[in-house]
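The residues making up each chain are set out below.
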Amino acid sequence: MTAATMSARGTPVTPGRSPLLRALARPELGSVIGAIAIAAFFTTQTDQFATWAGVANVLDVTAALGIMAVAVALLMIGGEFDLSAGVLTASTGLVTALLVDRLGVNIWEGIAWSLLFALAVGFLNGILVTRTRVPSFIVTLGTFFALQGLNVGVTKQLTETVQVGGVDEAQGYGVAQAVFASTWTVGEGEFRVAILWWIVVAVVATLLLVRTKFGNWIFASGGAPVSARSVGVPVGRTKILLFMATAAAAWLVGTISVVRLTSVQANVGLGEEFNYIIAAVIGGCLLTGGVGSAIGASIGALIYGMTQQGIVFAQWDNDWFPLFLGGMLLAAVLINTVVVRRRAEDSPG
Amino acid sequence: MRPDLHPMDDIHAALDDAGDQLPESDVAPHTPLLEVRGLGKRYGGVVALQGISATVNSGEVTCVLGDNGAGKSTLIKILSGVVSYDQGQYFVAGKRVKFSSPRQALDRGIATVFQDLAVVPLMSIWRNFFLGSEPTRGVWPFRRLDIEHAQDVTVAELARFGLDVQDPHQPVGTLSGGERQCVAIARAVYFGARVLILDEPTASLGVKQAGMVIRHVVQARERGLGVIFITHNPRHAYPVGDRFIMLNHGAMVANVTREDIDLNDLTQLMSGGADLDELAHEVQDHPG
């Protein structure tokens, strides 16, 4: 039996789609349009926005958020949330700072222990979610509170304040400063090296998602976990690795921050976890998993950063920012839902 | 009879030497691939299944019929490795097995296509086709999906089942129910399944779509697979079945071959059957 005879017998043929229709089904589409509109708006409304200094300022705000949004987007595509990621950026900074300040270790040793700590937290999140099948929203809410308590409790116990400093006096700080906190100047703008880290993270995450076996498993684990398992995808392992990747991203952001500021407050990062999720959703991630992209999450972070700094440049009252944020989030969710419906529910029969 | 003298031993060697990718060439038709004897399963004190004895041969379609709650799904779950049995014996190619995961069954060539769980709707056709067995090239950390190869194979394999896919990037969710089943069946065949278990593949489909799935069942049989076709609809089973196993309240009430029973007997036994002629006609039109 040949394909030709079968088709000739009237088996439905799937039509090819035009490039335009394909573009319309991209999860990032809404966010790209939104980003262009916001950039255009603040360019016309303020003098600083479209300058080197303005761009450097926006990207400075955006870089840390972008790194986290990309990691959280991968986790959300895999069908899970992590509410502990924001507080973990403080925890990892504190681990490094406390080791350096109290025990006098080399800063790189502190950074290495901090990474180990982050991976352990990520593993714990992952194993709790996959083994107990308790929703990750609840599990990571638990880790969120536990870490928040640890951050402040341990810091107070050891330093009798809620701040640890003296990081710049550590051995190896010079190199660490160059790697995590240096700047370069273009025009009158001072650009942070964190921006490069963000770009690296976004590119690696994108390649991982669309070009590797593991990326395929991420989409499947979030899109239809039972189906994925039945064809041999290790769904549990995939999700645990995603939690660990998110924790590693929190470590990177925490390290960049502690090296740059040379000290860390025990209560930073609180509430940031929602910003990561908002950026990922604005960038096209579905709350139900299985859809999204790292580029989209980066654009989502950019929209967040542009709006936040644009309001500052325009000298508006900053209290208006959450209103914009909420509006954008709702608009993004609506657009995502429509796009996904176009993608998958136009079933011919 | 001692298990080590089991009559299926002789084909076991043949199966072991067989190539992985092309099941149609490695087993002679009508040789036993899978056998259960006195199979049973309890959930707590409730007997879900008991005393099931049957053989599944290559190049034949074994239909499992029964109403809801008859034990069909328990039987499939045991055969596909989702749950374990606690009575009787289960042989694959002559070797006694007790699977603890679907992956183990898959590795022994037993692939299951569950009705609603065959595919990930939002992922593209080619990604679904290779999900869990993705082809890669390059050396780590630069190992990446061999996308071109995956797409070519997907298009070619689906074409063998009569599905002409022009855009393998299209999400599977845009395909019809019958076409999704086709993707899942073609995938199982491509990855070397010897036994294909289809769980109610026609249950939620209209007559035309059901006819299409049944045609795929015939194609899989012609490629030498042993097909287990689970259905509560005798009108879908009779046109393709070589053997019919009927379950009721967890027990086997009939195990007959196509020669033992004619169309009317089966129809009367199961009741209904108005569309039967149409389906029989459909299958006769497509001898392969």
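On a predicted model such as this, the values are computed, not experimentally measured, just so you know. The numbers attached to residues start from 1 for each chain and follow its sequence in the written order. Each chain is given a letter, starting from A, and each ligand a number, starting from 1, according to the order in which they appear as written. For a predicted model such as this one, the threshold for reporting local features is a pLDDT of at least 70, and the threshold for listing and counting side-chain atom pairs is 80 or more; totals across whole chains, interfaces and linings nevertheless cover every residue. Side-chain measures were taken over the full set of non-hydrogen atoms in the model, leaving aside hydrogen atoms and water.

A. View of the overall build of chain B. The numbering of helices and of strands both runs from the N terminus, where a helix is a DSSP run of H or I of at least 4 residues and a strand a run of E of at least 2. Along the backbone of chain B there are 10 helices and 13 strands. Throughout, exposure labels follow a simple rule: accessible area from a 1.4 Å probe, protein chains only, divided by the maximum for the residue type, with under 20% read as buried, over 50% as exposed, and the rest as partly exposed. Out of the 288 residues belonging to chain B, those deemed buried represent 58%. Note that accessible areas follow from Shrake-Rupley with a 1.4 Å probe, and for residues the cover is restricted to the protein chains shown. Working note: accessible area of chain B is about 11,900 Å², and carbon and sulfur atoms make up 49% of it.

B. Expanded view of the environment of Glu222(B). You can see Glu222(B) is positioned in helix H7 (residues 207-222). We classify Glu222(B) as partly exposed; its relative accessible area is 39%.

C. Fine view of the environment of Ala50(A). Examined against the element boundaries, Ala50(A) turns out to sit in the loop between helix H3 (29-45) and helix H4 (52-77). Once the C-alpha coordinates of Ala50(A) and Ala39(A) are considered, the two residues, 11 residues apart in sequence, prove to be 8.4 Å apart.

D. Expanded view of the pattern of salt bridges. Residues and elements named next belong to chain A. The term salt bridge refers to a pairing of a side-chain nitrogen on Lys or Arg with a carboxyl oxygen on Asp or Glu at a separation within 4 Å. Under the defined criterion, the tally for this structure stands at nine salt bridges over all chains. Where arginine 260 meets aspartate 60, a salt bridge forms, and the shortest distance between an N and an O atom there is 2.9 Å. Separated by 200 residues along the polypeptide, arginine 260 in helix H12 (residues 235-261) and aspartate 60 in helix H4 bring together distant segments of the chain. Judged by relative accessible area, aspartate 60 falls into the partly exposed class, the value being 26%.

E. Layout of unusual backbone geometry. Cis geometry is adopted by the peptide bond preceding Pro141(B), which originates at Trp140(B) and carries an omega value of 5°. Structurally, the position occupied by Pro141(B) is in the loop between strand E7 (136-137) and strand E8 (144-145). Despite not being glycine, Gln315(A) has its phi angle at roughly 60°, a positive value. On the secondary structure map, Gln315(A) appears in the loop between helix H14 (294-313) and helix H15 (321-344). One non-glycine residue, His249(B), lies in the positive phi region at around 50°. Relative to the elements of secondary structure, His249(B) occurs in the loop between strand E12 (243-248) and strand E13 (251-257).

F. Structural view of the side chain of Lys72(B). Residues and elements named next belong to chain B. Tracing the sequence through the fold places lysine 72 in helix H2 (residues 72-79). Accessibility expressed as a relative area gives 7% for lysine 72, which makes it buried. Contact definition: two residues touch when any of their heavy atoms are within 4.5 Å. If near-sequence neighbours (up to four positions away) are discounted, lysine 72 is found in contact with Val64, Leu65, Gly66, Asp67, Glu200, Ile230, Thr231, His232 and Leu247.

G. Spatial organisation of the packing of H4(A) against helix H13 (residues 272-282) of chain A. All names here are of chain A. The interhelical angle for the contact between H4 and H13, taken along N-to-C directions, is 70°, at an axis separation of 8 Å. By the angle between their axes, H4 is roughly perpendicular relative to H13. Contact residues: Leu65, Met68, Ala69, Val72, Ala73 and Met76 in H4; Asn275, Tyr276, Ile277, Ala279, Ala280 and Val281 in H13. In the scheme used here, Gly and all other residues not listed as nonpolar or charged are polar, with Ala, Val, Leu, Ile, Met, Phe, Trp, Tyr, Cys and Pro taken as nonpolar and Asp, Glu, Lys and Arg as charged. Taken together, the residues of the contact of H4 with H13 sort by class into 11 nonpolar, one polar and no charged. As a rule, the C-alpha atoms of each element are fitted with a line to give its axis, helices using only the stretch in contact, and angles between N-to-C directions run from 0 to 180 degrees. Geometric relationships in this document are graded by angle, where less than 35 degrees denotes roughly parallel, more than 145 denotes roughly antiparallel, 65 to 115 denotes roughly perpendicular, and other angles denote oblique.

H. Molecular detail of the pairing of strand E11 (residues 226-231) of chain B. All names here are of chain B. Most of E11 sits inside the fold, with six of its six residues counted as buried. Residues Gly226, Ile228 and Ile230 line one face of E11 and the alternating positions Val227, Phe229 and Thr231 line the opposite face, and both faces are buried. Pairing of strand E3 (residues 61-65) with E11, which is carried by five bridges, proceeds in the parallel orientation. By the bridge assignment, valine 64 is partnered in E11 with isoleucine 230. In the sheet, strand E10 (residues 195-199) pairs with E11 via five bridges, with the strands oriented parallel. The partner of leucine 196 across the bridge, within E11, is valine 227. Tracing the backbone out of E10, into H7 and back to the parallel element E11 gives a crossover that is right-handed. At least two bridges found by DSSP between two strands is the condition for calling them paired. Looking down the strands as they point away from the viewer, one classifies a crossover as right-handed if the path from the first strand across the helix to the second runs clockwise.

I. Looking closely at the confidence of the model for chain B. Residues and elements named next belong to chain B. The predictor rates its confidence in each residue with pLDDT, a number between 0 and 100. The pLDDT averaged across chain B works out to 81; a share of 83% of its residues lies at or above 70. The low-confidence segment residues 1-25 (pLDDT under 50) makes 36 contacts with residues lying over four places distant or belonging to another chain. Here residues 272-276 is a poorly scored stretch, pLDDT under 50, and it has 13 contacts once near neighbours within four places are set aside; other chains count.

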